[in-house]
Amino acid sequence: MAATPEMRASDGDRDRVAAALREHMAEGRLTVDEFNERLEQVYGSRTYGELARLTSDLPEIDLHTLPAALDRTAGRPPSPRGRTALKAAWGAWATASAINWVIWLIVSIGSSDMIYPWPLWVMGPWGAVLLMSTIFGGGDQGRRR
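Treat the numbers as computed from the prediction; the structure is a model and nothing was measured. (Residues numbered from 1 in each chain as written. Predicted model: local features only at pLDDT ≥ 70, side-chain atom pairs only at ≥ 80, totals over all residues. Heavy atoms only, no water.)

1. Some words on the nonpolar core
The nonpolar side chains of soluble globular proteins are, as a tendency, buried together.
And step 1. Counting eleven residues, the largest nonpolar core is built from A9, V17, A18, L21, L30, F35, L39, V42, L51, L54 and L58.
And step 2. Secondary structure elements with two or more residues in this core: α1 (11–26), α2 (32–44) and α3 (48–54). (Core = buried A, V, L, I, M, F, W, Y, C linked by side-chain atoms within 4.5 Å. Buried < 20%, exposed > 50% of the residue type's maximum accessible area, 1.4 Å probe, protein only. Helix = DSSP H or I, 4+ residues; strand = E, 2+ residues; numbered from the N terminus.)

Spelled out as structure tokens, the structure:
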């Protein structure tokens, strides 16, 4: 069934037209004021005909290849703040582990007996959590936007 100008548009259709307008503004075809005016009209539009009138003076963009909602984080490297926080966490882990091993070594030498290597219980779980955060990206996704 072909879309006619009288057919009602969906939210996805309006989002695709808004994405096309963003693209045209980014390429310099629309000013910010024109973009804002048209964007208001896009979300007030009810039919395909109303949406088509908003882009009739602009070159064709295949609206079905544009995402309905743009993912602003896709393709970006991790933020420097996230990398710095991760480095700090690993540094704290290494420092605490080193201190615990030194304490263990001093106590072992002082008692002239090999004591159970309890620092492993400090290093292990903490290190496992840090390793998973490093591999799977930590909790930075929820704070981006």
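Read on, since the account is not over.
2. Considerations on α2
An α-helix turns once every 3.6 residues. As a result, residues three or four positions apart point the same way.
And step 1. Along its 13 residues, α2 runs 18 Å from first to last C-alpha, staying within 8% of the 18 Å computed at 1.5 Å per residue.
And step 2. Looking only at α2, the buried set comprises F35, R38, L39 and V42. Each buried residue of α2 sits inside an arc of 110 degrees when the element is viewed along its axis, so together they form one side. Exposed residues on α2 whose side chains face more than 90 degrees from its buried face are D33, E37, E40 and G44.
And step 3. Of the surrounding secondary structure, the elements contacted by the buried residues of α2 are α1 and α3. (Expected span 1.5 Å × (residues − 1). Arc of directions from axis to C-beta. Contact = heavy atoms within 4.5 Å.)

3. Observations regarding the pattern of salt bridges
And step 1. By the definition in use, this model includes four salt bridges.
And step 2. Close ionic contact of R16 with D13 constitutes a salt bridge, the shortest N to O distance being 2.7 Å. Placement of the pair is R16 and D13 together in helix α1, with a separation of three residues, close to one helical turn.
And step 3. Look at D13 and you get buried, because its relative accessible area is 10%.
And step 4. R29 is the partner of E27 in a salt bridge, and the nearest nitrogen-oxygen pair spans 2.4 Å. (Salt bridge = Lys/Arg side-chain N within 4 Å of Asp/Glu carboxyl O.)

4. Here we look at a nonpolar patch on the surface
And step 1. Taken together, the side chains of I99, I103, V107, Y116, W118, W121, V122 and W126 make up a nonpolar region of the molecular surface, amounting to roughly 790 Å² of accessible area.
And step 2. Looking at the nonpolar patch, the elements with two or more residues in it are α4 (80–111) and α5 (119–136). (Patch = residues over 30% accessible without salt bridge, like charges linked within 9 Å, V, L, I, M, F, W, Y side chains within 5 Å. Areas by Shrake-Rupley, 256 points an atom, 1.4 Å probe, with all protein chains shown as cover.)

5. Topic: unusual backbone geometry
One can expect most non-glycine residues to show negative phi and most peptide bonds to be in trans.
And step 1. Unlike most non-glycine residues, S112 shows phi in positive territory, near 55 degrees.
And step 2. Its location among the elements puts S112 in the loop between α4 and α5.

6. Some remarks on the environment of D11
And step 1. Along the chain, the position of D11 falls in helix α1.
And step 2. The exposed category is assigned to D11, whose relative accessible area is 54%.
And step 3. Placed 31 residues apart in sequence, D11 and V42 show a C-alpha to C-alpha distance of 9.9 Å.

7. A look at the packing of aromatic side chains
And step 1. As enumerated under the stated definition, the model contains two aromatic pairs in all.
And step 2. Measuring from centroid to centroid gives 5.4 Å for W90 and W93, while their planes differ by 85 degrees, and the two rings are edge-to-face. Of the two residues, W90 and W93 both sit in helix α4, three residues apart, roughly one turn of that helix.
And step 3. Here the aromatic rings of W101 and W104 are separated by 5.2 Å at their centres, their planes lie at 85 degrees, and the arrangement is edge-to-face. Taken together, the positions of W101 and W104, both in helix α4 and three residues apart, correspond to about one turn of that helix.
And step 4. Looking at W104, the relative accessible area reads 12%, which means it is buried. (Phe/Tyr/Trp six-rings, centres within 6.5 Å; stacked < 30°, edge-to-face > 60°.)

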